[in-house]
Amino acid sequence: MEMNGYIEKAEQVLMHTYNRFQIVLDKGQGVYLYDIEGKKYLDFAAGIAVFALGYGNKEYNAALKNQIDKLIHTSNLYYNVPAVKASEKLIKASGMDRVFFTNSGTEAIEGAIKLARKYYYNKNHQAGSEIISMNHSFHGRSMGALSVTGNPKYREPFEPLIGGTVFADFNNLNSIKEKITDKTCAVLVEPVQGEGGVYPADKEFLSGLRNLCDELDILLIFDEIQCGMGRTGKMFAYQGYGVKPDIITCAKALGCGVPVGAFAATEKVAAAFEPGDHGTTYGGNPFATAAVSKVFDLYEKENLLSHVNETAGYLEEKLDELAVKYDFILERRGKGLMQGLEFKIPVKDYILKAMDKGLIIISAGANIIRFVPPLIITKEHVDEMIGILESVF
Ligand SMILES: *Cc1c(COP(=O)(O)O)cnc(C)c1O
């Protein structure tokens, strides 16, 4: 069947929750994707900041194949070796003390909310706590994660959502101060807002927030689902700010394609959970955690962080040149290999034309092109991407 046939079929059988690009992807190699008709695309989206290692990494694939033959799933009623190894590596990388594996980013947020509420409950011997999150934030699509997502358009049709959620302005400490009550259990922030339009937090904002939370024994939760795992040039974005959270959420590149997320916390906070408070059938199963474990090994072996820092500088430079050259571009912003170009006009047509010319990019809001390539991209790939973009402009 040709591409159009599959697209037609897909539109008959899948729920219409996406306006998809009109291509059917078939395979990947390095930083390139191929559709089922053999057309090649340079991938600057990485499955939305997921496939950090690039496609077809032999060692990663071999580790997964090996784990498939050994044991794919048991249950959290028992221990398994990959989960222990993956936990140790995530703890070391994140500076947290204990971890809970989930199947997605959304579920990591759910767990973080529950943990914050339980911590408050233990401390105050009462429920009814509140969580403050940011306008224009994105934390996921489940009822809990949606409740703390700062985009009314996503939330409204599904109300009533969970209660006790309050919104404040990102990069505005006073706005948060105004919303704090004696019921506030946590403040939830993306150190670099992703879906909201690629906005990095200010250093003073995060350090001020840390002080405020310390003063009032409010938990600081960083959602690093998109900006974590090396994307900003540090293993976790918070490390570039020198501001440590009490709870961190992680997903996207954590398994590099295997559906897995996690929330991790300091000992003091994690201790609020007791047996029975939280659970999952799949979360942390040997297949998913074998992927996580191998991902951490490969980041180290391939020196991925220093590679990101080197390439990111070059990408920033090239995007800045575009912003100067074309007057319909407002600005570039971002950190590391998580960059956004904001336009004065909608970017959809540019993205479609780029795809025609063999470049996959995505938006983050109507006027912003987002660049979240596999972390293994080189300067040559940046040049190739810029060349295609310029030909589109
Ligand atoms: C993608 C994302 C989520 C949701 O993760 P899913 O795996 O899609 O459930 C939550 N927070 C941030 C910052 C994200 O980028």
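None of the values given here were measured: they were computed from a predicted structure.

## Details of the sheet that holds strand 15 (residues 359-360)
Phase 1: The four strands are arranged 1-2-3-15 in an open sheet whose pairing can be described as mixed. The strands lining the two open edges of the sheet, one partner per strand, are strand 1 (25-29) and strand 15.

## Re the site of the ligand
Phase 1: In the vicinity of the ligand, the contacting residues are S104, G105, T106, F138, H139, E190, D223, I225, Q226 and K252.
Phase 2: Within the backbone of G105, an N or O atom sits 2.8 Å from an oxygen atom of the ligand.
Phase 3: A distance of 2.6 Å separates an oxygen atom of the ligand from a polar atom in the side chain of T106.
Phase 4: Coverage of the ligand by the protein chains reaches 81% of its 380 Å² of free accessible surface.
Phase 5: Here the shell around the ligand is composed, by residue class, of two nonpolar, five polar and three charged.

## Points about the domain arrangement of the chain
Size of an interface: often given as the accessible area lost when the parts come together.
Phase 1: Each assigned domain of the chain is listed with its residue range as follows: domain 1 (3-57 + 303-392) and domain 2 (59-301).
Phase 2: A separation of 26 Å is found between the C-alpha centroids of domain 1 and domain 2.
Phase 3: For the domain 1 and domain 2 pair, buried surface summed over both sides reaches about 2500 Å², with 62% attributable to carbon and sulfur atoms.
Phase 4: On the domain 1 side of the interface with domain 2, the three residues burying the most area are N57, K335 and M338, jointly 26% of the side's total.

## Focus on the pairing of strand 5 (residues 130-134)
Phase 1: Most of strand 5 sits out of view: five of its five residues are buried.
Phase 2: Examined bridge by bridge, strand 5 and strand 7 (residues 184-189) share four bridges and lie parallel to one another. Counterpart to S133 in the pairing with strand 7 is L188.
Phase 3: In this structure, strand 5 lies alongside strand 6 (residues 165-168), joined through four bridges in parallel fashion. Counted as the bridge partner of M134 is A168 from strand 6.

## Thoughts on the layout of surface pockets
Phase 1: Within this model, the second largest pocket holds a volume of roughly 860 Å³.
Phase 2: In this structure, the second largest pocket is lined by 29 residues; those nearest its centre are N76, R98, V99, F100 and F101.
Phase 3: Contributions of two or more residues to the lining of the second largest pocket are made by helix 4 (81-94), strand 4 (98-102) and strand 12 (261-265).
Phase 4: Taken together, the residues that form the lining of the second largest pocket break down as 16 nonpolar, nine polar and four charged.

## Some words on the UniProt feature "binding site: pyridoxal 5'-phosphate" (unreviewed entry) in the chain
Phase 1: Mapped onto the present numbering, the UniProt feature "binding site: pyridoxal 5'-phosphate" (unreviewed entry) falls at G105, T106, F138, D223, E224, I225, Q226 and T281. The annotated residues occupy 177 residues of the chain and do not converge on a single region, their most distant C-alpha atoms lying 25.5 Å apart. Considering only the residues just annotated, the largest cavity is lined by T281.
Phase 2: Apart from residues lying up to four places away in sequence, E224 is in contact with P191, F236, A237, Y238, I248, T249 and C250.
Phase 3: The residue T281 is located in the loop between helix 11 (267-270) and helix 12 (286-301) in this model.
Phase 4: Among all residues touching T281, those that are not within four sequence positions of it are H73, S75 and N76.

## A closer look at empty space enclosed by the protein
A water-sized probe rolled over the atoms picks out the places where empty space is left.
Phase 1: Here the structure, examined in full by the defined rule, presents one cavity of 30 Å³ or more.
Phase 2: Considered as a void within the structure, the largest cavity measures approximately 30 Å³ in volume.
Phase 3: Around the largest cavity, the lining residues are H73, T74, S75, N76, N80, T281, Y282, G283, G284, N285 and P286.
Phase 4: Residues belonging to the lining of the largest cavity are distributed by class as follows: two nonpolar, nine polar and no charged.

## Points about the pattern of salt bridges
A side chain with one charge can pair with a side chain of the opposite charge if their charged atoms come near.
Phase 1: As enumerated under the stated definition, the model contains 18 salt bridges in all.
Phase 2: E59 is the partner of K301 in a salt bridge, and the nearest nitrogen-oxygen pair spans 2.4 Å. Highlighted residues: K301 in helix 12 and E59 in helix 3 (residues 58-70), separated in sequence by 242 residues.
Phase 3: Overall, E59 belongs to the partly exposed group, its relative accessible area being 30%.
Phase 4: One salt bridge connects D297 with K89, and the closest N-O pair in it is separated by 2.9 Å. Taken together, the residues D297 in helix 12 and K89 in helix 4 connect sequence positions 208 residues apart.
Phase 5: Salt bridges sharing common partners tie together E59, K294 and K301.

## Focus: the sheet that holds strand 11 (residues 247-250)
Phase 1: Across the sheet, which stays open at both edges, the seven strands sit in the order 4-12-11-10-7-5-6 with mixed pairing between neighbours. Sheet topology places strand 4 and strand 6 at the edges, where each strand pairs with a single neighbour. The sheet shows a mean angle of 20° between the axes of neighbouring strands, taken without regard to direction.
Phase 2: Alignment of strand 4 against strand 12, held across five bridges, turns out to be antiparallel. Bridging across to strand 12, R98 finds its partner in A265.
Phase 3: Packed onto the sheet, helix 4 meets strand 4, strand 11 and strand 12 and runs at close to 120° relative to strand 4.
Phase 4: Packing of helix 5 (residues 105-124) onto the sheet brings it into contact with strand 4, strand 5, strand 7, strand 10 (219-223), strand 11 and strand 12, and relative to strand 11 it is tilted by some 165°.

## Things to note about helix 14 (residues 348-356)
Phase 1: Listed as buried for helix 14 are Y350, I351, A354 and M355. Angularly, the buried residues of helix 14 cover 135° about the axis, an arc narrow enough to put them on a single face. Turned more than 90 degrees from where helix 14 packs its buried face, K348, D349 and D356 sit exposed.
Phase 2: Of the surrounding elements, those touching the buried residues of helix 14 are strand 3 (40-43), strand 14 (338-343), strand 15, strand 16 (362-363), strand 17 (368-371) and helix 15 (379-392).
Phase 3: Taken from the residues just after helix 14, G358 is the one with a positive phi, measuring 90°.

Thresholds applied
Residues numbered from 1 in each chain as written. Predicted model: local features only at pLDDT ≥ 70, side-chain atom pairs only at ≥ 80, totals over all residues. Heavy atoms only, no water. Pairing = 2+ DSSP bridges. Helix = DSSP H or I, 4+ residues; strand = E, 2+ residues; numbered from the N terminus. Near = heavy atom within 4 Å. Polar contact = N/O pair within 3.5 Å; in protein donor to acceptor, adjacent residues only side chain to side chain. Areas by Shrake-Rupley, 256 points an atom, 1.4 Å probe, with all protein chains shown as cover. Nonpolar A, V, L, I, M, F, W, Y, C, P; charged D, E, K, R; others polar. Domains from an automatic or database assignment. Buried area = accessible area lost by both parts, 1.4 Å probe. Buried < 20%, exposed > 50% of the residue type's maximum accessible area, 1.4 Å probe, protein only. 1 Å grid on protein atoms, 1.4 Å probe; cavity = no way out; pocket = protein on both sides within 12 Å on 5 of 7 lines; lining within 4 Å. Points joined across faces, edges and corners; volume = space filled by probe spheres on them. UniProt positions renumbered as here; feature names shortened; annotations may be inferred. Contact = heavy atoms within 4.5 Å. Salt bridge = Lys/Arg side-chain N within 4 Å of Asp/Glu carboxyl O. Axes fitted to C-alpha atoms, helices over the stretch in contact; angles between N-to-C directions. Arc of directions from axis to C-beta.

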